[in-house]
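Listed below are the residues making up each chain.
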Amino acid sequence: MSHFTEPMLREGSLKDKVIVVTGGGTGLGKSMTRYFLQLGAKVVISSRKPDVLEQTAAELRAETGGEVLAVACDVRNYEQVESMIAQTLGAFGQMNVLVNNAAGNFISPTERLSARAFDTVVDIVLKGSYYCALEAGKHWIGAKQPGNILSIVTTYAWTGSGYVVPSACGKAGVLALTRSLAVEWGKYGIRCNAIAPGPFPTPGAWDRLFPEPLRKKFSPEMKVPVGRVGNHQELANLAAYLVSDFSAFVNGEVVTIDGGEWLKGAGEFSYLEALDNATWDMLATMMKK
Ligand code: HXC
Ligand code: NAP
């Protein structure tokens with residue numbers, strides 16, 4: 001029996017934590033928030049759209065009985081980031097974890113992008129993550145408190161990828177930020193880690209990256225060795241572990257959760273999976289000769 005769709009950590013594992021999740025109103029941010037609340041954390045969800053945030057906050061409050069606060073904040077604006085963290089401290093008296101989850105992305109040949117389109121994605125992904133990390137880090141270091149930053153990147157943060165080049169540049173920067181600060185701020189008790197998810201169905205990603213006409217032809221699970229896309233609970237389980245104290249010695253790590261997808265893309269001979277047994281028999285006879 002497979003347990004990946006079930007909650008993993010024991011009850012109360014996050015009960016002393018105040019967690020800020022950027023982009024927490026939708027998609028994977030919402031799923032992580034739900035699980036953090038179930039584990040006893042208090043969560044601030046933030047993004048640009050207050051109505052979406054309030055709706056999610058009300059839904060998750062009703063579902064989990066947890067404390068969740070919606071704070072509108074465009075992560076590209078440092079003053080709004082300062083205000084979002086100040087509101088977190090005002091409401092809950094502390095902040096223990098930052099989850100850099102907000103992102104912008106769309107597919108396009110790079111030469112079709114305007115400079116503003118490129119800026120828009122890099123600003124949300126990279127500038128947004130370092131603005132939030134900077135403000136959170138200043139707070140923790142000033143208050144002599146430990147902290148924890150978890151950033152959601154992607155596997156093309158290190159491979160790169162055509163057709164999503166601003167996102168690849170931004171995510172590569174977030175990975176560099178994670179590894180750099182893990183070392184520099186370790187002495188303050190601040191840990192920095194990242195998760196690199198493969199395909200996890202969300203409206204935000206699917207509408208922009210796998211639009212309907214492409215979905216039939218290039219179905220995302222075809223590229224995944226384990227033959228399926230990700231389930232939100234298995235990502236939430238990993239995120240909960242990394243924001244909890246169970247992972248206290250994990251620092252500067254990026255954990256891939258993609259069913260082997262990126263390695264399959266990189267493997268020289270991955271294409272041989274298309275061969276059936278009869279073809280292998282024929283090849284073996286031929287080659288042994
Ligand atoms: C080319 C585009 C475009 C497109 C926008 N632009 N969409 N160019 N192709 N599809 C251009 C616009 O023309 C404009 O440039 C500039 O980008 C800014 O557009 P705005 O609409 O004004 O920006 P904004 O309202 O800030 O919206 C940001 C956004 C939007 C990124 C464009 O998609 C958004 O809000 N995204 C948030 C959620 C999201 O992207 N989620 C997916 C994450 S998935 P000009 O020059 O015309 O002014 C992900 C997963 C990766 O990251 C891995 C998957 C396996
Ligand atoms: P999503 O639902 O579209 O999430 C993106 C979130 O970012 C939205 O809630 C959006 O809310 C917020 N956001 C965008 N611009 C913002 C800004 N300027 N300031 C503040 N918030 C902003 O997509 P998702 O699939 O859940 O993605 C979540 C994370 O997982 C992203 O980092 C993404 O790169 C990563 N990821 C996803 C997949 C996947 O398959 N789904 C794979 C790899 C990595 P507003 O519009 O309200 O601002």
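Residues numbered from 1 in each chain as written. Chains lettered and ligands numbered in written order. Predicted model: local features only at pLDDT ≥ 70, side-chain atom pairs only at ≥ 80, totals over all residues. Heavy atoms only, no water.

## Let's talk about the overall build of the chain
When its secondary structure is counted, the chain shows 11 helices and seven strands. Relative to a compact globule of 289 residues, whose C-alpha radius of gyration would be 19 Å, the chain shows 20 Å and is just as compact. Taken over the C-alpha atoms alone, the chain extends approximately 75 × 50 × 40 Å along its principal axes. Among the 289 residues that make up the chain, the fraction classed as buried is 45%. (Helix = DSSP H or I, 4+ residues; strand = E, 2+ residues; numbered from the N terminus. Rg over C-alpha atoms; globule rule 2.2 N^0.38 Å. Buried < 20%, exposed > 50% of the residue type's maximum accessible area, 1.4 Å probe, protein only.)

## Brief notes about the nonpolar core
Taken as a class, soluble globular proteins show a tendency for nonpolar side chains to be buried jointly. Counting residues in hydrophobic clusters, the biggest one holds 32 residues, and the most contacted among them are Leu14, Ile19, Phe36, Val99, Leu150, Ile195 and Val243. Residue assignment for this core shows that the elements contributing at least two residues are β1 (18–22), α1 (27–38), β2 (42–47), α2 (50–64), β3 (68–72), β4 (97–100), β5 (147–152) and α9 (232–243). The element that contributes the greatest number of residues to this core is α9, accounting for seven residues. Every residue in contact with Val99, bar those within four places of it in the chain, is listed here: Ile19, Val20, Val21, Thr22, Met32, Phe36, Leu150, Ile152 and Val243. (Core = buried A, V, L, I, M, F, W, Y, C linked by side-chain atoms within 4.5 Å. Contact = heavy atoms within 4.5 Å.)

## What about the environment of Phe36?
Here Phe36 shows up in helix α1. Distance in space between the C-alpha atoms of Phe36 and Ala102 is 17 Å, their sequence separation being 66 residues. Setting aside anything within four residues of it in sequence, one finds Phe36 in contact with Leu14, Ile19, Val21, Ala41, Val43, Val99, Ala239, Ala240 and Val243.

## Things to note about the packing of aromatic side chains
As enumerated under the stated definition, the model contains five aromatic pairs in all. Here Trp158 and Trp262 contribute two aromatic rings whose centre-to-centre distance is 5.5 Å and whose plane-to-plane angle is 80 degrees, an arrangement assigned as edge-to-face. Here Trp262 lies in helix α10 (residues 261–266) and Trp158 lies in helix α5 (residues 156–159), a separation of 104 residues in the sequence. An angle of 65 degrees between the planes, with centres 4.6 Å apart, marks the rings of Trp206 and Phe210 as edge-to-face. Three or more aromatic residues joined by ring pairs make a cluster, and in this case those are Tyr78, Tyr130 and Tyr131. Taking the ring centre of Phe4 as reference, the NZ or CZ of Arg228 above it sits at 3.7 Å. (Phe/Tyr/Trp six-rings, centres within 6.5 Å; stacked < 30°, edge-to-face > 60°. Lys NZ or Arg CZ within 6 Å of the ring centre and 35° of its normal.)

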